[in-house]
Amino acid sequence: MSRTSEADLDLLTAAIWGRTVDLDEVNEMSKDSAIGHLGIELTELGDDHLTGRMPVDRRTVQPFGILHGGASVLLAETLVSAAATLVAEPGKACVGMEINANHLRPVTSGWVTGTARPISLGRRSQVWEVRIVDDNDKLVCISRCTMAVIEQPW
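In this text, all values refer to a predicted model and were calculated from it rather than measured experimentally.

Describe in detail the overall build of the protein, supporting the description with residues and values.
Looking only at helices and strands, the protein features 4 helices and 6 strands. Along the protein, from the amino end to the carboxyl end, the secondary structure elements read α-α-α-β-β-α-β-β-β-β. Scaling as 2.2 N^0.38, a compact globule of 154 residues should have a C-alpha radius of gyration of about 15 Å, and the protein matches this with 16 Å. In terms of principal-axis extent, the alpha carbons of the protein reach across some 45 × 45 × 25 Å. Within the span of the protein, comprising 154 residues, buried residues form 38% of the whole.

What follows is the structure, encoded as structure tokens:
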């Protein structure tokens with residue numbers, strides 16, 4: 001049986017954000033990018049998670065009319081990039097190193113909602129899991145993303 005360390009318990013129970021966040025401001029900043037083009041909206045910042053949603057419509061489906069796997073990955077990486085940046089220390093930036101996704105269920109309409117939660121928040125790298133569900137709360141995609149924590153280049 002594995003034991004959870006005190007540090008892991010703190011991660012699971014404490015607010016992880018290093019700064020105050022206005023989701024409306026973050027959504028406004030994203031409106032002229034791929035994020036805005038696909039209709040992705042950040043909707044909730046919890047103590048240990050960031051949630052956002054994306055419509056399943058002409059912008060996000062593939063030619064057979066089901067949610068494009070690449071759109072799901074873009075939602076997942078959007079959530080992780082925002083969350084990782086909000087957790088990082090001042091003067092640090094986070095960039096994607098690796099992402100994987102398992103597409104589990106087709107979706108043809110409505111919305112998909114993703115929730116990003118940290119698995120590991122290190123000084124040099126972070127690992128996050130994103131669970132994407134449909135309007136019926138059925139798991140559509142699960143993704144894991146590793147982020148590098150670097151000196152802010154700007």
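Can you lay out the side chain of S72 for me, pointing to particular residues and giving the numbers?
Assignment of secondary structure puts S72 in helix α4 (residues 69-87). A relative accessible area of 2% places S72 in the buried class. Setting aside residues no more than four positions away along its own chain, S72 makes contact with M54, L67, H103, I132 and C141.

Before we move on, can you summarise the nonpolar core with the specific residues and values?
In this structure, W17, L50, L67, V112 and W128 are the most contacted members of the largest nonpolar core, which totals 34 residues. Mapped onto this core, the elements with two or more residues apiece are β2 (50-55), α4, β4 (111-121), β5 (125-133) and β6 (139-151). Element by element, the count of residues in this core is highest for α4, at 10 residues.

Run through the pattern of salt bridges, naming residues and quoting values.
Across all of its chains, the model carries 5 salt bridges by this definition. A salt bridge links R53 to E41; its shortest N-O distance comes to 2.9 Å. Of this pair, R53 sits in strand β2 while E41 sits in strand β1 (residues 41-45), and the two are 12 residues apart along the sequence. The salt bridge partner of R117 is D48, with a shortest N-O separation of 3.7 Å. In this pair, R117 is assigned in strand β4 and D48 in the loop between β1 and β2, connecting sequence segments 69 residues apart. Exposure remark for D48: the relative accessible area of 17% places this residue in the buried category.

So what about unusual backbone geometry? Which residues, and what values?
You will see that D137, though not glycine, has its phi angle at about 65°, which is positive. Looking at the secondary structure, you find D137 in the loop between β5 and β6.

Could you give me a rundown of the pairing of β2, with the residues and numbers involved?
Counting buried residues along β2, 5 of its 6 residues qualify, which places the element largely inside the surrounding structure. Pairing between β1 and β2: 4 bridges, direction antiparallel. Within β2, the residue paired with E44 across the bridge is T51. What sits between the antiparallel neighbours β1 and β2 is a turn of 4 residues. Two strands pair when backbone bridges link them, and β2 and β4 are joined in this way by 6 bridges, in the antiparallel orientation. Paired with T51 across the bridge in β4 is T115.

Can you break down the sheet that holds β6 residue by residue, with the values?
Across the sheet, which stays open at both edges, the 6 strands sit in the order β1-β2-β4-β5-β6-β3 with antiparallel pairing between neighbours. Where the open sheet ends on each side, the last strands, each with one partner, are β1 and β3 (92-103). Each neighbouring strand pair of the sheet contributes to a mean axis angle of 25°, computed without reference to strand direction. On the sheet, helix α2 (residues 23-30) packs against β1 and β2 and is oriented at approximately 160° with respect to β1. Along the sheet, α4 makes contact with β1, β2, β3, β4, β5 and β6, crossing β5 at roughly 135°.

Each value, and the rule that gives it
Residues numbered from 1 in each chain as written. Predicted model: local features only at pLDDT ≥ 70, side-chain atom pairs only at ≥ 80, totals over all residues. Heavy atoms only, no water. Helix = DSSP H or I, 4+ residues; strand = E, 2+ residues; numbered from the N terminus. Rg over C-alpha atoms; globule rule 2.2 N^0.38 Å. Buried < 20%, exposed > 50% of the residue type's maximum accessible area, 1.4 Å probe, protein only. Contact = heavy atoms within 4.5 Å. Core = buried A, V, L, I, M, F, W, Y, C linked by side-chain atoms within 4.5 Å. Salt bridge = Lys/Arg side-chain N within 4 Å of Asp/Glu carboxyl O. Pairing = 2+ DSSP bridges. Axes fitted to C-alpha atoms, helices over the stretch in contact; angles between N-to-C directions.

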